[in-house]
Amino acid sequence: MMKNRIALLLLLIGFFGFAQQIIPRSYVAHYIDTPLEVDGKANEEVWKEAPFSESFIDIEGVKIPKYETQVKMLWDDENLYFYAELKEPHIWATLKQRDTVIFYNNDFEIFIDPDGDTHNYYEFEMNALNTVWDLLIAKPYRESAPVVDSWDIQGLQTAVSINGTLNDASDVDKSWSVEIAMPWEVLKEASGSTELPADEFWRINFSRVNWDYELDNGVYSRKKDESGTFLPEYNWVWSPQGVINMHEPEHWGYVYFSSKPVSEKDTFTIPKDEQIRWKLYEFYRAQKAYFATNKSWATDLKAIDATPFELEDKTLRPTLENYSQGWIITVKSPFSGMLYSIREDGKYSEINQ
């Protein structure tokens, strides 16, 4: 037991020393062979057996949120299921129109990047009235790209259960829970594969936006300061981003889709090659910073401190190729032989050698 703890400590130290970032969290979602009833309550035995995630933390990864939030996941041949419990003494919601800006209410959010390239990812939000907003994002907001707001998750199932009374300021509530089923046929559209991701991982994160509230004749709304400006929201997440921005998908967590039933334990370790991905995004951010100062891309890796680096006693040597529209930085893995690259718009790619 002590040896295992020491090994884990050394691994984390190595990760932090290498990437100088917060290590994303991970979760094992187990397979089930019977569809779930989506009622917001998760009363099925398989839900009871499925483990909760770690409690949410502030988006920057430091502060402990005022109210606790946890999630669970399961999957079958048709759907990916989510269940979340959100502690809240005052449960309120006002938005009722689909695809409105749901985070203007307290909400629960899911972000999914199936192939982990940070492009063509999904965002989903819902409030305590079971009003949803789903959209497809071609590129993170740091890059100029369209947001497909009209995109809908066909076959989506959602439900909310209130442990208290919605929009009633006369009492103190306990929590609200959400249950969601997203069909694989929709989610696979951005995965690069027609197959279910059995025994593979996707990049996923969860967010909870919470607001201080005020009452006007018993009606809840977002609280304002003396000048009439809304107070800033709280951003609580499953896997910390390190920055106040959910739209940096390279920081999202890892969800491993185990083919084993929930009654059989399974484990997942983030692959060594993922550390190369993290490093490439450091180079990407360094190139963006260089461009902001010099109005041109660096043509020498030394200019952005992208020199050869060590990873578990292996020396990795990045290469840079500039072209008329931008650049590509490439690194070959000494572990898998895969070739990984990142380009000027942040798209991450992998190539079998």
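Residues numbered from 1 in each chain as written. Predicted model: local features only at pLDDT ≥ 70, side-chain atom pairs only at ≥ 80, totals over all residues. Heavy atoms only, no water.

Now, about the environment of Pro65: what can you tell me, with residues and values included?
Residue position: Pro65 is located in the loop between strand S2 (57–58) and strand S3 (69–75). What makes Pro65 buried here is its relative accessible area of 12%. (Helix = DSSP H or I, 4+ residues; strand = E, 2+ residues; numbered from the N terminus. Buried < 20%, exposed > 50% of the residue type's maximum accessible area, 1.4 Å probe, protein only.)

Break down the side chain of Arg277 for me, citing the residues and quoting the values.
Position of Arg277 relative to the elements: it lies in helix H4 (residues 273–294). Judged by relative accessible area, which is 3%, Arg277 ranks as buried. Looking at Arg277, its side chain comes within polar contact range of the main-chain oxygen of Gly116, at 2.5 Å. Leave out the neighbours within four places in its chain, and Arg277 touches Asp115, Gly116, Asp117, Phe201, Arg203, Tyr254 and Tyr348. (Polar contact = N/O pair within 3.5 Å; in protein donor to acceptor, adjacent residues only side chain to side chain. Contact = heavy atoms within 4.5 Å.)

Provide a residue-level description of H4, including the pertinent values.
At 3.6 residues per turn, the α-helix brings residues three or four places apart onto the same side. Given a rise of 1.5 Å per residue, 22 residues ought to cover 32 Å, and the 32 Å separating the end C-alpha atoms of H4 matches this to within 8%. Restricting attention to buried positions, one finds in H4 the residues Asp273, Glu274, Gln275, Ile276, Arg277, Trp278, Lys279, Leu280, Tyr281, Phe283, Tyr284 and Gln287. Looking one or two residues past H4, Lys295 carries a phi angle of roughly 60°, positive in sign. (Expected span 1.5 Å × (residues − 1).)

Mind laying out the nonpolar core, listing which residues take part and the relevant values?
With 51 residues, the main nonpolar core has Phe108, Ile110, Ile180, Met182 and Phe206 as its most contacted residues. Sorting elements by how many residues they give to this core places strand S4 (residues 79–87) first, with six residues. Setting aside chain neighbours within four positions, we find Met182 in contact with Glu78, Asn79, Leu80, Phe82, Ile110, Ile112, Phe124, Ile153, Leu156 and Leu187. (Core = buried A, V, L, I, M, F, W, Y, C linked by side-chain atoms within 4.5 Å.)

Give a detailed account of the pattern of salt bridges, specifying residues and quantitative values.
Counting across every chain of the model gives 15 salt bridges. Between Asp212 and Lys66 there is a salt bridge, with its nearest N and O atoms 3.7 Å apart. With Asp212 in the loop between strand S11 (201–210) and strand S12 (213–216) and Lys66 in the loop between S2 and S3, this residue pair connects regions lying 146 residues apart in the sequence. Residue Asp212 is classed as partly exposed on the basis of its relative accessible area, which comes to 23%. With a closest N to O distance of 2.9 Å, Arg142 and Glu250 form a salt bridge. Of this pair, Arg142 sits in the loop between strand S7 (132–137) and strand S8 (147–148) while Glu250 sits in the loop between strand S14 (234–237) and strand S15 (253–261), and the two are 108 residues apart along the sequence. By relative accessible area, which is 27% here, Arg142 ends up partly exposed. Where salt bridges share partners, they join Arg98, Asp134 and Asp152 into one cluster. (Salt bridge = Lys/Arg side-chain N within 4 Å of Asp/Glu carboxyl O.)

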